[in-house]
Amino acid sequence: MPLSSRIASLRRNLFTQPRVERELDDELRAYLDQLAAEKRATGMDSAEAMRAARIELGGLEQVKEEVRQVRTGRMLEEFLRDLRYGVRALRKNGAFTAAAVLALALGIGANTAMFSVAYGILFRPLPYADAGRVAVVTMRFFPRDFAFGTLCIRDYLLWKQNNRAFEAPSLFTNRRMDIGGAGGVPEQVQGASVTAGFFSTLGVRPLVGRAFRAGEDKPATGALAVLSESLWRRRFGASAAVVGQSILVNGAPSTVIGVMPGAFRFPRRDTEAWTNLVLNPPTRYGPWFYRGVARLKPGVTLAQAQAETNRIGLLMMRQNPYYKRLTLPVLSLRDALLGPALKPAILVLAGAVGLVLLIAVVNVANLMLARATAREREMALRLSLGAGRPRLVRQLLTESVLLAVMGGAAGLVLAWGAIALVRAWNPGNLPFIDSVRLDGGALVFMLLVSTLTGILFGLVPALESARADLNATLKEGGRGSAASQARGRTRAVLVVSEIAISLTLLVGAGLLLRSFANLERVTGGFFAPPQRILTLLISPGNRKYNEDRAGLPFYDEVLRRARNVPGVEMAAVTDALPPDRQGDADTFAIEGQNLAPGEPNPIISDVTVGPDFFRALGIPLLKGRYFTEHDSRDSAPVAIVSEGFARRFMPNREALGKRIKQSGPGYGDKWMEIVGVVGNVKYLGLTVDTDPAYYLPFAQSYGPMMFLAIRTSADAAGLSATLRREIQSIDPGVTLAQTGTMEQALTLSVSEPRFDTMLLGLFAAIALLLAAVGIYGLIAGWVAQRTHEIGVRMALGAARADVVRMVIGQGAQLAAIGIVLGLGGAFALTRLLKTMLFGIGVTDAATFLAAASGLLLVVLVATLIPALRATRVSPVVALRYE
Amino acid sequence: MPNTNLLQGTLDLLILKALALTGLHGLGISRRIAQITNGTFQVKPGSLFPALHRMEEAGWLSSSWGDSENNRRARFYRLTAAGRRQLQTETRQWETIALAMASALEAS
């Protein structure tokens, strides 16, 4: 059968249908004409001939229909007709269509967006070869008690020696780096020092040049540097000639050997340079600066590797009694990059958005049921007029799919917009955000779920009612048939579940909201207005400033110039900043304190600050004095402790005048007299409860890389350019980084919880909206069905208030059941939020109460509208109704 | 006229055969079929036209407007090359079936 002829016919039938129809009509009329002429020739008169011809033809329209049935594209044409009919039907029921499409769009859009984000962050494969086999080895022990903590080179060597589970172990540490020499003005970037096998362990190949070769971490290897693609483009104009060039890294000449592709970002998201870490044979334990990274051997799971690493941990503790309660947490590469808090938060949000989808689906089911009830009569009528059941099914199916496609399209737009917004704005400062893109799989899944719901709840009841007694249905007009009563009960159940689910989400959102409010209320321990504090990180660049003899005068000059900038009130140096830029931490000893043998004090923050630091940030002095200019290099060693420090380590004793010293390995016997007690400041994040710290004067504890904290008389943000110019004019090698106000730092530090709170709040709001639409639809339908009854009641003298009470009572009853169930659900589910909450319990009664009453209010308002409409029913009209 | 419902598939073959010599319009085809079957088959318009349109869409027939013997406008159908091939194929098939049926009915 010639296909080309078929295609030509299809095109003709579909696109020039009027002409095809006209031709058919012409042809049949001509036939009729001929037939009549033939009859006339046998002697009939003209009218009789025409009548006989018509009879022989057997009905013009019937013949046409027979011809249409065999035309190519007949199915398609019927489908298009169904589609047109569906569009017309949906347009006629504007409110229904809008509600259903909105529910679908919100459900599909929110879910597609959230799952795309979750997939991008949690599951999309990292751009390294077989990244799933790479693990990061961290160390946690008392007294250095930090999650995902670091190990020292001795520990690394012991692990490397005894390790059986991993291959290609390497070591790395993060550090700030000044990049100078070739390529323009020096700049400060985030860098990492890594052992020779680092890049091959991670399975990443350089874009240009080479990675480190085996043995390039041995002593006496020259200083080498690998650049990130971003740094290479920014600073070296993406020139391949940079390989082999000498640049300055922290003032020391280093040879560039290669460039890493932009997708490779490890150990930190902002790492832009890697230098070779030279492993000198360690003479002592510490410093604990390093983490290990290695590839699991084939067939070894992460859990097995962890078990084996635990065994090595025991060995470490046996060899060094200083380590207490030591563990070596082994993290997947992704978990190491994500940090501890993000993954559970995203999973909770994904669960929450799943509930939103559930509500959307319930809503669509609800609407479809309502529509099925309303169409009972139509279906019965069409069946009785001889429409085939398959034809009706096809038509209803077309309508359901049409609805789903419209909802899906709107949802797609919504999801696309939401993802673009999240990516552009990155409200939670989330890692991997640039690997988030619209996930087709998620979209298709959502579309499928909602379409099936539409079909299930639209088609099945419609057919059921059609199958039922046609006569009864036609007579009753769908008012009180058994099927529609059952459907009413189903709808009530659906609405109750909507209320319950949205209450659960509301409680969750409420808890996060209150937790976030707590977080915003908590102070970092400093009381100067945060928008008037400007901070930046200075690296002097030139290596001569590594010594305090040159470094102290350098910083004196920095401070002098900073104070001369108009608008600057105070300037001070520090090596740590609230709320979360921790500096050093170490153990300490208190003179005369009796500790069990081998039991040191815990490691806590030791902060090096210049004289004006406390005043600039507004950290209150509780006792004694602040540091002054007189606490110099050569004067008696002094220290200041925080209130928390004094309370914890010197309870019931006067802290002032006591002497402490740093007790970590490598410190001498430099006892420092405590000259002041200051308020607690948070250096480990706002959510960390107590953070005892002791302070050392800059002149007695010099380090070359320092933060500058500046208190200004007005908004601080405008001063940074002037400050930068002033400071960099001291020495061309000076670099500045991380310039920003304290206000920005505070905002950034709570960006993840803000993101979580906003999203869950949004989900809860969507859920509430959908639930409100659901209950409104139910009650409105209920009122419409009872117009007759209400009319009778009012005719018999019922007051409007009675009618309102009756209708609202109906809604309140459902709301009450839904709220009880929802509170139960919230009680069971909010414990998942536990790690995300700050300063509030997972079963906070006030939140539960507020969410429940808020929901009740919304439900009552949604019920009130149809209730008021019911009172406007005129008894006369109502009794005549139908 | 005896009850002679056209066998499924027979109509196509009759139409092809009727058009084998010359192009005809609808009524002509109907009359020609009656003639060559000695009046056994009277094709009704309700069967004829769907078949003509189906066969035209299949590419076996082509059609055009023309003038009938008594100078009336009519739609004329004629065989295409594909139609002639189809006529041969269907003729062969029919002969096979007819032979088989005849021998089946003659068997004792």
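In this text, all values refer to a predicted model and were calculated from it rather than measured experimentally.

A.B. asks: Explain the overall build of chain A residue by residue, including any values.
C.D. replies: Secondary structure assignment for chain A yields 26 helices and 24 strands. What you see for chain A is a C-alpha radius of gyration of 38 Å, clearly larger than the 29 Å of a compact globule of 882 residues, by over 25%. If you line up chain A on its principal axes, its C-alpha atoms span 135 × 75 × 60 Å. By residue count, 51% of the 882 residues in chain A fall in the buried class. Expressed as a percentage of contacts within chain A between residues at least 6 apart in sequence, the contacts between residues at least 24 apart total 81%. As displayed, chain A has an accessible area near 38,700 Å², and 59% of this comes from carbon and sulfur atoms. Where the 98 positive side-chain charges of chain A centre and where its 71 negative ones centre are 2 Å apart.

A.B. asks: Run through the overall build of chain B, naming residues and quoting values.
C.D. replies: Counting secondary structure elements, chain B contains 4 helices and 3 strands. For chain B, the spread of C-alpha atoms along the three principal axes comes to 55 × 35 × 20 Å. When each of the 108 residues of chain B is scored for burial, the buried share is 45%. Split by element, the accessible area of chain B, about 6,100 Å² in all, is 53% carbon and sulfur. Across chain B, the centroid of the 12 positively charged side chains sits 5 Å from that of the 8 negatively charged ones.

A.B. asks: Now, about a positive patch on the surface: what can you tell me, with residues and values included?
C.D. replies: Residue and element names in this part refer to chain A. A surface patch of positive charge is lined by Arg81, Arg84, Arg88 and Lys92. When you line up the elements, Arg88 lands in helix H5 (residues 74–92). Here Arg88 falls in the exposed class, since its relative accessible area comes to 54%.

A.B. asks: With reference to specific residues and values, describe the interface of chain B and chain A.
C.D. replies: Interfaces are frequently sized by the accessible area removed from exposure as the parts join. Listed per partner, the contact involves 25 residues of chain B and 28 residues of chain A. Summed over both partners, the interface of chain B with chain A buries about 2,300 Å², with 56% contributed by carbon and sulfur atoms. The tally of links between chain B and chain A comes to 4 salt bridges. For the salt bridge of Glu23(A) with Arg75(B), the shortest nitrogen-to-oxygen distance reads 3.6 Å. Here chain B is connected to chain A by 8 residue pairs in polar contact (both at pLDDT 80 or more). Looking at the side of chain B that touches chain A, the elements that each hand over two or more residues are helix H2 (26–36), helix H3 (45–58) and strand S3 (73–79) of chain B. When its residues are assigned to classes, the side of chain B that touches chain A shows 9 nonpolar, 8 polar and 8 charged.

A.B. asks: Which residues make up the pairing of strand S14 (residues 568–574) of chain A, and what values go with them?
C.D. replies: Residue and element names in this part refer to chain A. The buried count for S14 comes to 6 of 7 residues, which makes it a mostly enclosed element. Note: S14 against strand S23 (residues 706–712), 6 bridges, orientation antiparallel. Of the residues in S23, the one forming a bridge with Val573 is Leu708.

A.B. asks: Outline empty space enclosed by the protein, supporting the account with residue identities and numerical values.
C.D. replies: Per the counting criterion, the structure on display carries 2 cavities of 30 Å³ or more. One number sums up the size of the second largest cavity: a volume of about 50 Å³. Around the second largest cavity, the lining residues are Glu27(A), Ala30(A), Tyr31(A), Gln34(A), His25(B), Gly26(B), Phe49(B), Ala74(B), Arg75(B) and Tyr77(B). At the level of elements, helix H2 (17–41) of chain A together with S3 of chain B are the ones that each hand at least two residues to the lining of the second largest cavity. Of the residues forming the lining of the second largest cavity, the biggest block, 4 residues, is contributed by H2(A).

A.B. asks: Kindly report on the domain arrangement of chain A, identifying the contributing residues and their values.
C.D. replies: Residue and element names in this part refer to chain A. Once the domains are mapped, chain A shows domain 1 (3–72), domain 2 (139–328), domain 3 (342–521 + 751–880) and domain 4 (530–748). Taking only C-alpha atoms, the centre of domain 3 and the centre of domain 4 are 56 Å apart. On the domain 4 side, the residues contacting the 5 residues of domain 3 number 4 residues. Here domain 3 packs against domain 4, burying approximately 430 Å² in sum over the two surfaces, 58% of which is carbon and sulfur. Scanning the region where domain 3 abuts domain 4 turns up 3 residue pairs in polar contact (both at pLDDT 80 or more).

A.B. asks: Any chance you could break down the side chain of Thr271(A) for me, citing the residues and the numbers?
C.D. replies: Residue and element names in this part refer to chain A. Looking at the element boundaries, Thr271 is found in strand S9 (residues 271–276). Overall, Thr271 belongs to the buried group, its relative accessible area being 2%. Among the polar contacts listed, one links the side chain of Thr271 to the backbone nitrogen of Arg268, at a separation of 3.0 Å. Setting aside chain neighbours within four positions, we find Thr271 in contact with Asn174, Gln190, Gly191, Ala192, Ser228 and Phe266.

A.B. asks: Please give an account of the environment of Leu397(A) that cites residues and values.
C.D. replies: Residues and elements named next belong to chain A. Among the structural elements, Leu397 can be located in helix H13 (residues 389–425). Judged by relative accessible area, which is 31%, Leu397 ranks as partly exposed. When the C-alpha atoms of Leu397 and Gly86 are compared, they prove to be 9.6 Å apart, with 311 residues separating the residues in sequence. Each residue touching Leu397, except ones within four places of it in the same chain, is listed here: Ile455 and Leu459.

A.B. asks: Let's hear about the pattern of salt bridges: which residues, and what values?
C.D. replies: All names here are of chain A. Tallied over the entire structure, the rule returns 36 salt bridges over all chains. For Arg233, the salt bridge goes to Glu229, with nearest N and O atoms at 3.0 Å. Note that Arg233 and Glu229 are positioned in helix H9 (residues 229–236) at a spacing of 4 residues, about one turn of the helix. We classify Arg233 as partly exposed; its relative accessible area is 47%. When its relative accessible area of 18% is taken as the criterion, Glu229 is described as buried. Here Glu520 ties to Arg754 by a salt bridge, and the two come within 3.8 Å at their closest N and O atoms.

A.B. asks: Help me get a handle on the sheet that holds strand S1 (residues 24–25) of chain B, residues and values and all.
C.D. replies: All names here are of chain B. If you trace the 3 strands from one edge of the open sheet to the other, you get S1-S3-S2, paired in antiparallel fashion. Strand pairing shows two members of the sheet lacking a second neighbour, S1 and strand S2 (61–67), which therefore form its edges. In terms of strand pairing, S2 meets S3 through 7 bridges, oriented antiparallel. The partner of Ser64 across the bridge, within S3, is Phe76.

A.B. asks: Provide a residue-level description of a nonpolar patch on the surface, including the pertinent values.
C.D. replies: Residue and element names in this part refer to chain B. Side chains of Trp94, Ile97, Met101 and Leu105 sit close together on the surface and give an oily, nonpolar patch of about 430 Å² of accessible area. Within the fold, Met101 resides in helix H4 (residues 81–106). By relative accessible area, Met101 is classed as partly exposed at 46%.

A.B. asks: I'd like to hear about the packing of aromatic side chains, residue by residue, with values.
C.D. replies: Residue and element names in this part refer to chain A. For the structure on display, the rule yields 32 aromatic pairs over all chains. A centroid spacing of 5.4 Å and a plane angle of 65° characterise the contact between Phe172 and Phe266, whose relative ring orientation is edge-to-face. Taken together, the residues Phe172 in strand S3 (residues 166–181) and Phe266 in the loop between strand S8 (252–260) and S9 connect sequence positions 94 residues apart. Each member of the pair, Phe172 as well as Phe266, is classed as buried. Three or more aromatic residues joined by ring pairs make a cluster, and in this case those are Phe172, Phe198, Phe199, Phe212, Phe264, Phe266 and Trp274. One cation-aromatic arrangement involves Arg325 over Phe142; the distance from NZ or CZ to the ring centre is 4.6 Å.

The rules behind each value
- Residues numbered from 1 in each chain as written.
- Chains lettered and ligands numbered in written order.
- Predicted model: local features only at pLDDT ≥ 70, side-chain atom pairs only at ≥ 80, totals over all residues.
- Heavy atoms only, no water.
- Helix = DSSP H or I, 4+ residues; strand = E, 2+ residues; numbered from the N terminus.
- Rg over C-alpha atoms; globule rule 2.2 N^0.38 Å.
- Buried < 20%, exposed > 50% of the residue type's maximum accessible area, 1.4 Å probe, protein only.
- Contact = heavy atoms within 4.5 Å.
- Areas by Shrake-Rupley, 256 points an atom, 1.4 Å probe, with all protein chains shown as cover.
- Lys, Arg positive; Asp, Glu negative; His and termini not counted.
- Charge placed at Lys NZ, Arg CZ, Asp CG, Glu CD.
- Patch = residues over 30% accessible without salt bridge, like charges linked within 9 Å, V, L, I, M, F, W, Y side chains within 5 Å.
- Salt bridge = Lys/Arg side-chain N within 4 Å of Asp/Glu carboxyl O.
- Buried area = accessible area lost by both parts, 1.4 Å probe.
- Polar contact = N/O pair within 3.5 Å; in protein donor to acceptor, adjacent residues only side chain to side chain.
- Nonpolar A, V, L, I, M, F, W, Y, C, P; charged D, E, K, R; others polar.
- Pairing = 2+ DSSP bridges.
- 1 Å grid on protein atoms, 1.4 Å probe; cavity = no way out; pocket = protein on both sides within 12 Å on 5 of 7 lines; lining within 4 Å.
- Points joined across faces, edges and corners; volume = space filled by probe spheres on them.
- Domains from an automatic or database assignment.
- Phe/Tyr/Trp six-rings, centres within 6.5 Å; stacked < 30°, edge-to-face > 60°.
- Lys NZ or Arg CZ within 6 Å of the ring centre and 35° of its normal.

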